[in-house]
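Each chain, letter by letter, is given below.
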Amino acid sequence: PFKSGYCAGKVMKLLKGSGKYACIRMYNNAYNLLERVRGFTDYFAQDSGSKILDFVCDDFTEMGLYSFLKDLYTEHKDLNGIFIPHAEVQRATPFLINKGLKKQITLIGFDCVPQNKQALLEGTIDCLIGQRPELQGEEAVRQLCNHIMFHKEIPNIINMPIDTFFRENIL
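Bear in mind that the values here come from a model prediction, so they are computed numbers and not experimental data. Each chain carries its own residue numbering, running from 1 in the direction its sequence is written. Where local features are concerned, this predicted model is filtered to residues with pLDDT of at least 70; where side-chain atom pairs are given and counted, the filter is 80 or more; whole-chain, interface and lining totals use all residues. Remark: hydrogens and water are excluded; side-chain values derive from all non-hydrogen atoms of the structure.

Participant: Give a description of the overall build of the chain that names residues and reports values.
Facilitator: Here a helix means four or more residues in a row that DSSP labels H or I, a strand means two or more in a row labelled E, and each is numbered from the N terminus. A count of helices and strands for the chain gives 6 helices and 6 strands. Listing every helix and strand of the chain by position from the N terminus yields α-β-α-β-α-β-α-β-α-β-α-β. As defined in this context, the radius of gyration uses C-alpha atoms, and a globule is described by 2.2 Å times the residue total to the power 0.38. Expected size for 171 residues packed as a compact globule is a radius of gyration near 16 Å; at 17 Å, the chain falls within 12% of this value. If one aligns the C-alpha atoms of the chain with their principal axes, the spans along those axes are about 60 × 35 × 30 Å. Categorising residues by exposure relies on relative accessible area from a 1.4 Å probe, with only protein chains included: less than 20% of the type maximum marks a residue as buried, more than 50% marks it as exposed, and the intermediate range marks it as partly exposed. For the chain, the residues scored as buried account for 42% of the 171 residues in total. Method for areas: the Shrake-Rupley scheme with a 1.4 Å probe, in which residue coverage is limited to the protein chains shown. Accessible surface computed for the chain: about 9500 Å², of which carbon and sulfur atoms make up 54%.

Right, dumping it as structure tokens:
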């Protein structure tokens with residue numbers, strides 16, 4: 001999760017340069033989301049021209065997030081981008097479209113679920129990060145089998161590929 005958040009930060013910087021960015025998540029204590037935000041924030045740590053805002057939105061319904069984003073934008077009109085470290089990223093698009101902010105604010109999120117894929121194709125999401133959950137599951141089963149059947153040690157860290165999807169390379 002840390003490396004995928006770091007990758008999201010790198011993509012954001014490539015797309016928008018330095019600026020003010022908001023990380024918005026729906027859970028306060030989910031390890032994977034905290035690590036993604038930490039990776040995103042760490043990417044920008046050496047960039048004195050950037051500021052990262054970290055928020056938890058308790059009501060991540062489309063209307064709840066709309067209200068949250070409205071309040072956020074009222075306070076931070078110089079926002080350059082939004083990073084949502086989970087699959088519900090498409091819920092932020094109505095606010096950006098309705099307020100005419102899509103060109104100003106880059107939106108990056110996670111997981112190529114059908115709603116996110118459609119928003120990416122329409123240009124309302126700029127980038128999706130994928131962590132190949134099916135491959136992670138296969139690798140977990142493979143490691144468990146190797147451990148139980150062949151008494152092999154399970155490595156502490158297993159690196160997995162990170163996919164970056166843009167409108168131009170989504171299938």
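Still more ground to cover, so stick around.
Participant: Tell me about unusual backbone geometry, and please be specific about residues and values.
Facilitator: Here the phi dihedral of D111 falls at roughly 75 degrees; this positive angle occurs in a residue that is not glycine. Inspection of the secondary structure assignment puts D111 in the loop between β4 (106-110) and α5 (114-122). Since its relative accessible area comes to 23%, D111 is described here as partly exposed. Despite not being glycine, H151 shows a phi value in the positive range, around 55 degrees. Take H151: it is sitting in the loop between α6 (133-150) and β6 (163-165). Taking the relative accessible area as the measure of exposure, H151 reaches 67% and is therefore exposed.

Participant: Give me the nonpolar core: which residues, what numbers.
Facilitator: Take the buried residues of types Ala, Val, Leu, Ile, Met, Phe, Trp, Tyr and Cys, join any two whose side-chain atoms come within 4.5 Å, and each joined set is a nonpolar core. With 27 residues, the main nonpolar core has I24, L65, L69, I82, I84 and L107 as its most contacted residues. When contributions to this core are tallied by element, the ones reaching two or more residues are β1 (20-25), α3 (62-75), β3 (79-83), α4 (93-98) and α5. Contact criterion: two residues are considered in contact whenever any of their non-hydrogen atoms come within 4.5 Å of each other. With near-sequence residues (within four places) excluded, L69 lies in contact with I24, I82, A92 and F95. By size, the runner-up hydrophobic cluster in this structure holds 13 residues, among which are V11, F83, C127 and I129.

Participant: I'd like a rundown of the pairing of β4, residues and numbers included.
Facilitator: The two faces of the sheet receive side chains in turn, since in a regular strand these alternate between them. Within β4, 5 of the 5 residues are buried, which leaves the element mostly enclosed by the surrounding structure. By the alternation rule, side chains of β4 split into T106, I108 and F110 and L107 and G109, which are all buried. Direction of pairing for β4 relative to strand β5 (residues 127-130): parallel, over a ladder of 3 bridges. Counted as the bridge partner of F110 is I129 from β5. By convention, orient the strands away from the viewer: a clockwise path from the first strand over the helix to the second makes the crossover right-handed. In the classification by handedness, the crossover that spans β4, the intervening α5 and the parallel β5 is right-handed. At least two DSSP bridges between two strands are required for those strands to pair.

Participant: Run through the sheet that holds β3, naming residues and quoting values.
Facilitator: Hydrogen bonding along the main chain pairs the strands of a sheet, whether they run parallel or antiparallel. One open sheet accounts for 6 strands, arranged β2-β1-β3-β4-β5-β6; its pairing is mixed. Of all the strands in the sheet, the pair left with one neighbour each is β2 (51-56) and β6. On average, adjacent strands in this sheet sit at an angle of 20 degrees to one another, irrespective of strand direction. In this sheet, β2 lies alongside β1 in parallel orientation, the contact comprising 6 bridges. Across the sheet, C23 pairs through a bridge with D54, a residue of β2. Only the stretch in contact is used when fitting a helix axis, every axis being a line fitted to C-alpha atoms; angles between N-to-C directions are given from 0 to 180 degrees. In the packing of helix α2 (residues 31-43) onto the sheet, the strands contacted are β1, β2, β3 and β4, and the crossing angle to β1 comes to about 175 degrees.

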